[in-house]
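Results of the structural survey
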Amino acid sequence: MQVITTHSGTDFDGLGAMLAASKLHTDAMMYFPGHISKPVKAFYSLYKDVLPIKAPEMLHLGTVDRLIVVDTQQAARIGRFRELLHNPEVKITVYDHHPKPQEGIDAPDMHIVTMGAITSYLVGLLAEKQIELSEIEATVMALGIYADTACLTTPATTSEDVKAVAWLLEQGANLEIIARHVRNPLTEGQRELLEELLANSEKSTFNGVKTLLSVCSVDQYIDGLGHLAQQLGEIEDVDLVLCIVEMDDRVHLVGRSQANHVAVNDLLEHFGGGGHPQAASATIKGKSPAEIRQELVGWLESELRPPLIASDLMSSPVHTATQDISMEAAGKAMLRFGHSGLPVTEDGKLVGVISRRDVDKALNHGLSHAPVKAFMSSRVVTISPGATLDEIQRTLIGKDIGRLPVVDPVGQLLGIVTRTDVLRSLHGRSYPHWYQTNYRTEVNQRARKATVLTELMAETLPKRLQGVLLLIGQEAERQNVRAYLVGGIVRDMMLGVPNLDVDIVIEPAAIPFAEHLAKVIGGELKTYPQFNTATINLPGGPSIDLVTARTEFYANPAAMPDIEVSTIKQDLYRRDFTINTMAIVLNGPSYGQLLDFFGGRADLDEGAVRVLFNLSFVDDPTRMLRAVRFEQRYQFKIEPETLRFLKNALDADLLKKISGERMRAELLALFSEPHAPRMILRMDELGIWEDIIPELTLSDRLIRIIRHAAEHIEWFVELGTGVEIDRPLVYLLIISSALQPGVVEELPQRLALSKREREVLLFFQEKSTILAQDLASQDANSEIYQLVHPLAPEAQVAAAILYGEGVRRQLAHYWTNLAHVRTEANGHDLLQLGVRSGPELGKVLQNLHIARLNGMVQSKDEELEMARRLLSMPDEGR
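Residues numbered from 1 in each chain as written. Predicted model: local features only at pLDDT ≥ 70, side-chain atom pairs only at ≥ 80, totals over all residues. Heavy atoms only, no water.

Of the positions making up helix α14 (residues 389-399), those classed as buried are Leu389, Asp390, Ile392, Gln393 and Leu396. End-on view of α14: buried residues confined to an arc of 160°, all on one side of the axis. Exposed positions of α14 whose direction lies more than 90 degrees from the buried face are Gly398 and Lys399. A positive phi of about 55° marks aspartate 400, the residue just after α14. (Buried < 20%, exposed > 50% of the residue type's maximum accessible area, 1.4 Å probe, protein only. Helix = DSSP H or I, 4+ residues; strand = E, 2+ residues; numbered from the N terminus. Arc of directions from axis to C-beta.)

Attention now goes to the pairing of strand β21 (residues 533-537). Each regular strand displays side chains that alternate between the two surfaces of the sheet. Burial of β21 is extensive: four of the five residues sit out of reach of the surface. Two strands pair when backbone bridges link them, and strand β20 (residues 524-528) and β21 are joined in this way by five bridges, in the antiparallel orientation. Paired with leucine 525 across the bridge in β21 is isoleucine 536. Counted along the chain from β20 to the antiparallel partner β21, the turn is four residues long, and its residue asparagine 532 has a positive phi close to 60°. Counted along the chain from β21 to the antiparallel partner strand β22 (residues 543-548), the turn is five residues long, and its residue glycine 540 has a positive phi close to 80°. (Pairing = 2+ DSSP bridges.)

Turning next to the sheet that holds strand β18 (residues 482-486). Within the open sheet, the eight strands sit side by side as β17-β26-β25-β18-β19-β22-β21-β20. Their pairing is mixed. The open sheet has two free edges, formed respectively by β17 (451-452) and β20, since each of these has just one partner strand. Bridge count between strand β25 (residues 583-585) and strand β26 (residues 593-595): two bridges; the pairing is antiparallel. The partner of isoleucine 584 across the bridge, within β26, is leucine 594.

Below, the discussion takes up the environment of alanine 117. By the element assignment, alanine 117 lies in the loop between β6 (109-112) and α3 (118-128). The residues touching alanine 117, leaving out its near neighbours within four places in the chain, are Asp13, His97, Gly144, Ile145, Asp148, Thr149 and Asp161. (Contact = heavy atoms within 4.5 Å.)

Further remarks concern the packing of aromatic side chains. One pass over the full model with this rule turns up 16 aromatic pairs. A ring pair is formed by phenylalanine 630 and tyrosine 634, whose centres lie 6.3 Å apart and whose planes are at 5°; its orientation type is stacked. For the pair formed by phenylalanine 630 and tyrosine 634, the shared burial category is buried. (Phe/Tyr/Trp six-rings, centres within 6.5 Å; stacked < 30°, edge-to-face > 60°.)

Note on placement: aspartate 161 falls in helix α5 (residues 159-170). Within the buried set, aspartate 161 has no salt-bridge partner at all; the shortest N-O distance to an opposite charge, 11 Å, is to lysine 163. Ignoring any residue separated from it by four or fewer positions in sequence, one finds aspartate 161 in contact with Met115, Gly116, Ala117, Ser120, Ile145, Thr149, Leu152 and Ala156. (Lys, Arg positive; Asp, Glu negative; His and termini not counted. Salt bridge = Lys/Arg side-chain N within 4 Å of Asp/Glu carboxyl O.)

This brings us to the sheet that holds strand β4 (residues 66-70). Ordered in space as β3-β2-β1-β4-β5-β6, the six strands form an open sheet in which the pairing is parallel. Pairing within the sheet leaves two strands with one partner each, and these edge strands are β3 (53-54) and β6. Pairing geometry for strand β1 (residues 2-5) and strand β2 (residues 28-31), over three bridges, is parallel. The residue bridging glutamine 2 from the neighbouring strand is alanine 28, located in β2.

Where helix α33 (residues 755-777) meets helix α35 (residues 793-803), the closest approach of the two axes is 10 Å, and the angle between their N-to-C directions is 40°. In this view, α33 runs oblique relative to α35, as classed from their interaxial angle. By crossing handedness, the relation of α33 to α35 is classed as right-handed. Along the contact surface, α33 presents Arg756, Val760, Phe764, Ser768, Thr769 and Ala772, while α35 presents Pro793, Glu794, Ala795, Ala798, Ala799, Leu802 and Tyr803. (Axes fitted to C-alpha atoms, helices over the stretch in contact; angles between N-to-C directions. Parallel < 35°, antiparallel > 145°, perpendicular 65-115°, else oblique. Left-handed = near helix turned anticlockwise from the far one by under 90°.)

Every disulfide links exactly two cysteines, by a covalent bond between their sulfur atoms. This model, assessed by the stated rule, comprises zero disulfides. Of all cysteine sulfurs in the structure, the one in cysteine 216 sits closest to cysteine 243, which takes part in no disulfide; the separation is 7.6 Å. (Disulfide = S-S within 2.5 Å.)

A word on the nonpolar core. By size, the foremost hydrophobic cluster in this structure holds 121 residues, and its most contacted members are Leu469, Ile504, Leu546, Ile688, Trp689, Ile692 and Ile734. Ignoring sequence-local partners within four residues, the contact set of leucine 546 consists of Ile504, Ile506, Ala510, Phe513, Ala514, Leu517, Asn532, Thr533, Ala534 and Ile536. In this structure, Ile53, Ala138, Val140 and Trp167 belong to the second largest nonpolar core, which totals 49 residues. (Core = buried A, V, L, I, M, F, W, Y, C linked by side-chain atoms within 4.5 Å.)

Another point: helix α19 (residues 488-495). The buried count for α19 comes to six of eight residues, which makes it a mostly enclosed element. For α19, the complete set of buried residues consists of Gly488, Ile489, Val490, Arg491, Asp492 and Met493. Once α19 ends, the next one or two residues include glycine 496, with phi positive near 75°.

This is the structure:
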C-alpha cells in the first residue's frame, strides 16, 4: 500500500502538495500525520467530502510499502509515520522546498527544490504530464501556493510558482474561494483606521441579519477599506458589515456580507456603487456620513429579507436506523442511500447517530453483527427548524461534523441538513462553485405565504378537467395521501397557454392511489411498477399520469438517472428549469395552493429560463436543447448564469456522450415546435450544433432559408394535399443539405433514425438537386407527375424550401391539378379488350395515365379508344 502524508500542523501548502502528489501517484492514499492547523481544519471540515484524506489511526502501518512525504524533511514532524522510515521494506519519497534540517529524512528518492511552495513543483509535474484537474482540486493547490508565498509576494517566490498558479487558473482554480482563506498584514494606517472603525461600530439586527455599522472620518486616504470591513465582520462575528468613512472630501461606503442570502452589491447600487454579492463599494460626493447612514438604515429596515433556515434546506423524510439493527446492515443502508451517517431513532425521536467511520471500525474488529446502539453516538448536535443557513454553516465547521438533524422542541426528528445541502444552497464566496444553486433563494420566504390559484384554474382549465382535479384532491384527502398538479400544465396555465397534459405527483406512492382512483372515476388504468407510475385514460379524455414523488441521482455525466422515492420538494428540485418547478396542491383543504420553492413564478414574470444548479447540464446535457426550446417558444431569454453553465457544458463536450436515441427524441421534439426555425438558428448561435453534428456549418443562404422554413411548411399544408407532414423530418432534410454525402450517410446511425427517416434522408441527399433542376424546367404534366410522385411529402417540402419558386410552383400545380388524376378505365376493362395480364396491362395503364395527365384523353371512351390503338400497334410500340 502507498501512503501520502505531510507535516503535523498541516498548512495549506501541505494540503495542496498532498493532493497534487495523489494525482501523480494514483495508487496512493492520503493521510494527515496528526494535528492540522486551524485554517486548514476550518477549510477541510467543509470540503472533506471531496478531499479523500484519512486520519492516521485508520491505517495499519504494516500494510504500507511506500511512504510519500510532502512539504517537510523533518522526521519528527510526520507523526506515527516516522516508524516507517526505519523499515527497509518501505520505499521513501520526499518532495520539499525547505533547507535540509539537522535531523532530516535521508532517502534515495529525494526531490528538494528552491521554490516558494512545494505545491508549485508538483503542479509543474502535473502540467508536464497534462493531467487534468477538477475545479476544486485546482483551487486547493492554488490556495497552497498563495498561502505559502503571501499571494506570490514573499522573496522566496519564483517564476515557477507563478507558472504553477497560471496553469491552475487555466484548470479552473476559484480565486473567490482562495481569497477567503488568504490574508495580508495591515499597514500602520490600516491598523489605526481599524481601531477607529471598531470604536465607532454599532451592532443591530435587521430581519434576522446581524449587522455592524461603523461611521468615521480620517484626515487622509487609506486604502484597503474593504479588507478592514472583512476583518470587522470576523472580529465581531456578524452577517453584514457596512463602513462609512469620510476621507479626501468624499465618503467611501464599503459593504461585506458573510450571509449568503444578503447581496451587498444590490444595497450599494442605491448609492451608485457595485461589486459582488459578498463584497461591494461606492464613492459618494455631496452627502454627509450621517445622511448616508440614515439612508442605509432605512433600506435595511424595509428591504433586507430573512435568511434561509433549516426547514428550507432539510431533507425529509430522513433515512434512519433503529438501535437494534446490526452494524453491517447500517453500513449497507449508508451505501444504498449514499450517506456517510444515519440518525438513530426510537418512536420518531432522535436517540443517536451512527457514522460510516463507526461502521468501518466495527467491521475491522469483526463486530459486523453488533447492534447499532453499541457504537452510536448519543451526544448528537442538533438544530431547530428555524436555524439560519449561516448558523448551520458555523455549526458544521465549529463541530467538524457532516450532518445536523433537525428536531422539534420535544426531540422529534423532522429532517436533516447535510454538508452537501449547505454547499448546494450557499452563494457567492461562501460556497463551492463546482456545485452551485442558481434558483432564487428569496422565494423560500414567499413560499411560506400561501398563494391560491383557484380562480386562475377556473378561468383557464376546461370544466371537465376542473371536476376531475377536485375529485382527485378529495380522494387524496380521504386516502391520506398528498396530490399535486405539476409540470407544464401549471406553467402554461400561468402564461395563458392551452395545455392539457395532466401530471399528478403523489406522496407517498402513486400506484395504490391510482388503483383506488380508477375505481372512483372510471377509465382505463395502466401501472408501471418499475417506475412507480400509473396512467388513467378517461373516456373522451383527459389522460392522467400519476407519479410517485421521487428524486434522481446521476452516477455519471449524461447517464440515465437512478430514481428514489422522495418528497414533493425534492421531486420538483430534480426538474430542468425553475419555470417547470411549480406545483398546485389538490388536497381538499389546500386546493389550489401554489408551491413555488425555486422562484418559478418570478422567472415566468421576467421571461427567464434558469436551471436550478450549475451541474444541471452535466447531469443531463439534453437540457441544453430544452433551454433553447423554452426560450424560443415563449420568447424568453436564457438567464446569464444558466447561459454560462450551458457554455461550460458545451466546452466539456457533454452532448457527445448522449445516445443517438435520446438525441433523436430531443431533436424531433424541437423540430416539432412552431418556432423550430428560431430554435435551430439559436442552437447555431450558441454552438450546440458543433457537439451534435460537428460538420454542420450554416451559410448565410441556409440561415435565410431556415428562417422562413415554417412559412413554406404552412403553405404546403394549406394546399389541401390531405397528407400528413412529418415536420421534424423536413428540418432534418434542410439541415442535411449543408453536409457532405459521407456525413449524411452516417447520420442515421448517429441519430438512431427510423427506417423511413433513413430512406427519405438518403434518397433526398442523392437525388434532390437533380430532381429540383429537372422539375423546375418541365412543362409536361406527365413529366412533372413522374418527378414528384415518388418523393416523400417531406422531401417535396424541403425541395420547395431549398430550391425556390420554380419548384414551389410545380408542386402547387402537381397537388392542385395532377395528384388526384386517375384513369376511368381499369384493368378489368382492358382485359376485356384483349390486353394481356401482367407487364403489358401495366404498360397500357401507364400510357393511359400519361395521356390523361397531358389532356390527350378526357373520358373513359377516349381511354378505351386509345387502348385499342395501342393493341393494334406492334408489341414494341405499346
